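Take a look at the letters that make up each chain.
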Amino acid sequence: MFRVLKHFSIAILFVSILCLPSLYAQHQGGKNTIYEIKGKVVDASNALPIEHATVSLISAGKVLQTVTTDLGGAFKFGKQQTGSPSILVTYVGYESHLSKSITTSNVLEIRLVSQLKSLEEIVVKGKRKPIRYKSDKLIYDAGSDISNKAGSAVDLLRKVPLLTVGSNGELRMRGNTNIKVLLNGIPSGIMAKNLKDALKMIPASSIKSVEVITSPSAKYEAEGAAGIINIITKKSVRGTHGSLDFSLGNLDQSGSGSWSTTTEKFDFNFNATMNAERERNRSTLQRTSLSNRVSVGELLQHNDETEKDRGASASLGFVYRPDSSQKIGADLSYWYGSWPARSSLYNLYQDGETYAEYNQFSQQRNSVKYYELSLNYLKRFRRKAQELQILGLAARSNDRSEYITSQKEMSEASSFKEKGPNKGDSWDFDFQVDYTQPIDATGKNVIETGMKLKRSNSGSLYIVFNNEHAPGSEELVEIPSRSDKMDYYSTILAGYMSLKIETDDQWTIRPGIRFETTVLGADFRSSTPSFKSKFGDWVPTMLVAKKLNDHHELKFAYTERIRRPWIWDLNPYVNASDPRNLLSGNPLLRPERIRVVELGHNYNAASGFNLNSSVYYSTNNNSIEQLTVVDSLGISRTTPSNIATNKRLGTQVNLSMELQPNWMLNGGLELYYVWFRSAALQVRNSNGFYAANLSSSYGLSKGYSLQISGDYNNGYVTLQGRNTAEWSYRFAAQKELWNDRASIVLTVSNPFQRVMTQRSMAVAPSFRSTTSNNYYHRSVSLSFSWKFGASRQKEGKEEKNPLEMEHIPHRRK
């Protein structure tokens, strides 16, 4: 089936290109009394598009219809038959624009003039929807959720539809943990290295919105099996301004500040963040070793672990606009994160010949320093939507990982000690060129093409020392058989072509094809054999959407995605901080390919009620799964392997609605059934999964507002087992201060349960096990946010239609 769809997508792309002349002729011909009103809103000083401007169609003093501009500043109204309406355009920080009467279908260009002439502040009351939908993505507005002023990005992503976050902070999209995460539309190396820990370093208060892209076009990298998440941080508005955000709580603390100045030619911005978080987990493992399905050994462990995370980041950005058609930018950023953990572990192992009972104490130190410099250039041409973009990126990373573990007999006599330091360093270079060519005068029908070169070099030096030569001795000796150095390299060269067609009868067709060739390999200092692989992948995409009317839209999408193993997946370094549960990478891993077919529907009622639903089917014939094997000594070894296929059939439903003018409700439900099968291991597993999230906010008088949110899932399914249910919930109250320039928020998470218990069950030919995890996640936090400066757009608010807006006097500083 997927092979047929792949060739069909390629065929559609070329047929569409051959049919461009006839499509263009259809668009130009057929003049009659029926016409559309469409156009673009730009800044009068630099001709840059203005997104989310409010555009109203007015006739005889009445508002007929209101829309907002898209990312390119474009807007469009339905077909008109009679009358000569006018257009009113408004946007915070700009003077309103009222057009003359419109009687033709000519494309309008409306230029808004900035209000930089004074230091007066315009406060605009209103609200915006927390969730918006487009044909290929969902957009979550973080500013509409008052509880996002505390915690990290991990806490914020719990509320985003299509995403689920486990109690251990692991992020999943449609059950898959392999997600490509972008920051402001640009790939981030810090996210690729360690997503779970990197997200902890981003305060939720610094995030403006999150885009979940389930059907990426060929323009995006094929990396990311589940799809793409684009985290958009808060941007500058005209003028000089800044913000400060602080949060104090029993489990996490954070602080962030930003300053920016924007002029006609230049933009400067500086951001700095710091965060700290404490996690505690008490667990019990009961494992039975098996031989021919007969018990041959029993292991019991009680573990108490506390992890204290620390993170900091800073970024400096610069933008120069030599004229209205060009933009040159540079960003320099630095990230630091550390995740030290301490644990105490009770062990009892017994079989027919062995009885071992002891206590173990471990310390783990993990840290990363990451530096990134990105340069970008954007050139817009005279034809609408015609543009050239060039991006260059260089990144340097220093990773450190070390464990120290010691065992003591029940008599407190020391018996064993081991440490394993690991040093990793890497360089990443990206160069990307993207070009968009319009194929008609509207700029809506375009061809996109481009190329990307990505080069990575990483080195990892790992050494193991212990006293197994003399138990009880403090002298630790290097173990050569478990020490090595790996030099890893990869080069990816990609090119793509994508076509986007929007017809007058509301069809959107977007076929595309991308080719990526990859060379990767590794060299070792020891006798471990080097390896090198080279392979090429054609990655087709197809999106067909039809807007039936102002309320209903349908879509069909076919996408292919690739997951390439990262260095930590490949690194054979063995983490033996728990000698009875060893973790390591696998240098023989190969990429996996995921194919997805999706049908979707979006309903948008005039009342503001929105319902988005989809059905999808995905398959993966070379799945990378964490495989655990227990040997005859009762020691488990877990490593990733290409040993399974998995298939998923699922559906998702998300809704948002306005119960009252000051009461919003949004929520989502996800269900899927998954099949795992490994012919090599003769293992099968299948089961259903469901997850739900709900959020409701209520605005009170005098600047007060309340919110409640929660999420639940019945537990993930894996190749060798599954987890039991997990859930969380939050209450938040906000008070706005100083004429809405500041706010204070009290957030309480999981107040009625100090501990959330989750069990994980696993079964394999060599063992069966049950792990009970007790997560301590009851928390209270108090957050303060302050925005200052001469000109600003109020976060979390969206202006009303100006004809309905109450008069609010200007306030002079």
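In this text, all values refer to a predicted model and were calculated from it rather than measured experimentally.

Asker: Quick rundown of the sheet that holds strand β9 (residues 137–141)? Include the residues and the values.
Answerer: One open sheet holds the 6 strands; their spatial order is β8-β9-β14-β15-β12-β13, and the pairing between them is mixed. The sheet terminates laterally at β8 (131–134) and β13 (186–187), the two strands that pair on one side only. Two elements, strand β12 (residues 180–183) and strand β15 (residues 228–233), share 4 bridges in a ladder whose sense is parallel. The residue bridging Leu182 from the neighbouring strand is Asn230, located in β15.

Asker: Before we move on, could you go through the pattern of salt bridges and cite the residues and values that matter?
Answerer: Within this structure, the stated rule accounts for 28 salt bridges. With a shortest N-O distance of 3.5 Å, Glu211 and Lys137 are connected by a salt bridge. With Glu211 in strand β14 (residues 207–213) and Lys137 in strand β9, this residue pair connects regions lying 74 residues apart in the sequence. Accessibility expressed as a relative area gives 6% for Glu211, which makes it buried. Residue classification places Lys137 among the buried residues on the basis of a relative accessible area of 12%. For Asp425, the salt bridge is made with Arg396, and the minimal N-O distance between the two is 3.9 Å. Taken as a pair, Asp425 in strand β24 (residues 414–438) and Arg396 in strand β23 (residues 387–409) lie far apart in primary sequence, 29 residues in all. Overlapping salt bridges, with partners in common, bring together Lys180, Glu221, Asp430, Lys452 and Lys454 in one network.

Asker: Run through the confidence of the model for the chain, naming residues and quoting values.
Answerer: When pLDDT is averaged along the chain, the result is 84; 88% of the residues meet or exceed 70. Per-element confidence in the chain ranges from a low mean pLDDT of 42 for helix α2 (residues 20–28) to a high of 95 for strand β44 (residues 767–776). Between residues 791–813, whose pLDDT stays under 50, and residues either more than four places distant or in other chains, the model counts 63 contacts.

Asker: Residue-level account of the environment of Val597, with values.
Answerer: Position of Val597 relative to the elements: it lies in strand β34 (residues 592–604). Spatially, the C-alpha atoms of Val597 and Val615 are 8.4 Å apart, while their sequence positions differ by 18 residues.

Asker: Run through the nonpolar core, naming residues and quoting values.
Answerer: Judged by nonpolar contacts, the single largest core of 38 residues is most densely connected at Leu156, Leu157, Val160, Leu171, Met191, Leu199 and Val210. Residues in contact with Val210, not counting those within four places in the same chain, are Leu138, Ile139, Tyr140, Leu156, Leu157, Val160, Ile229 and Asn230. Formed by 16 residues, the second largest nonpolar core is a distinct cluster that contains Val55, Phe77, Ile87 and Leu112.

Asker: Can you lay out the sheet that holds strand β2 (residues 54–59) for me, pointing to particular residues and giving the numbers?
Answerer: An order of β3-β2-β5-β6 is seen for the 4 strands of this open sheet, with the pairing classed as antiparallel. The outermost strands of the open sheet, each flanked by one partner alone, are β3 (62–68) and β6 (97–98). Bridge count for β2 against strand β5 (residues 86–90) is 5 bridges, and the pairing is antiparallel. Looking at the pairing, Ile58 lines up with Ser86 of β5.

Asker: An account of the environment of Ile509 is requested, with residue identities and associated values reported.
Answerer: Along the chain, the position of Ile509 falls in strand β29 (residues 507–524). Separated by 35 residues in the primary sequence, Ile509 and Val544 have C-alpha atoms spaced 4.6 Å apart. In this structure Ile509 touches Leu499, Lys500, Ile501 and Leu543, once residues within four positions along its chain are discounted.

Thresholds applied
Residues numbered from 1 in each chain as written. Predicted model: local features only at pLDDT ≥ 70, side-chain atom pairs only at ≥ 80, totals over all residues. Heavy atoms only, no water. Pairing = 2+ DSSP bridges. Helix = DSSP H or I, 4+ residues; strand = E, 2+ residues; numbered from the N terminus. Salt bridge = Lys/Arg side-chain N within 4 Å of Asp/Glu carboxyl O. Buried < 20%, exposed > 50% of the residue type's maximum accessible area, 1.4 Å probe, protein only. pLDDT = per-residue confidence, 0-100. Contact = heavy atoms within 4.5 Å. Core = buried A, V, L, I, M, F, W, Y, C linked by side-chain atoms within 4.5 Å.

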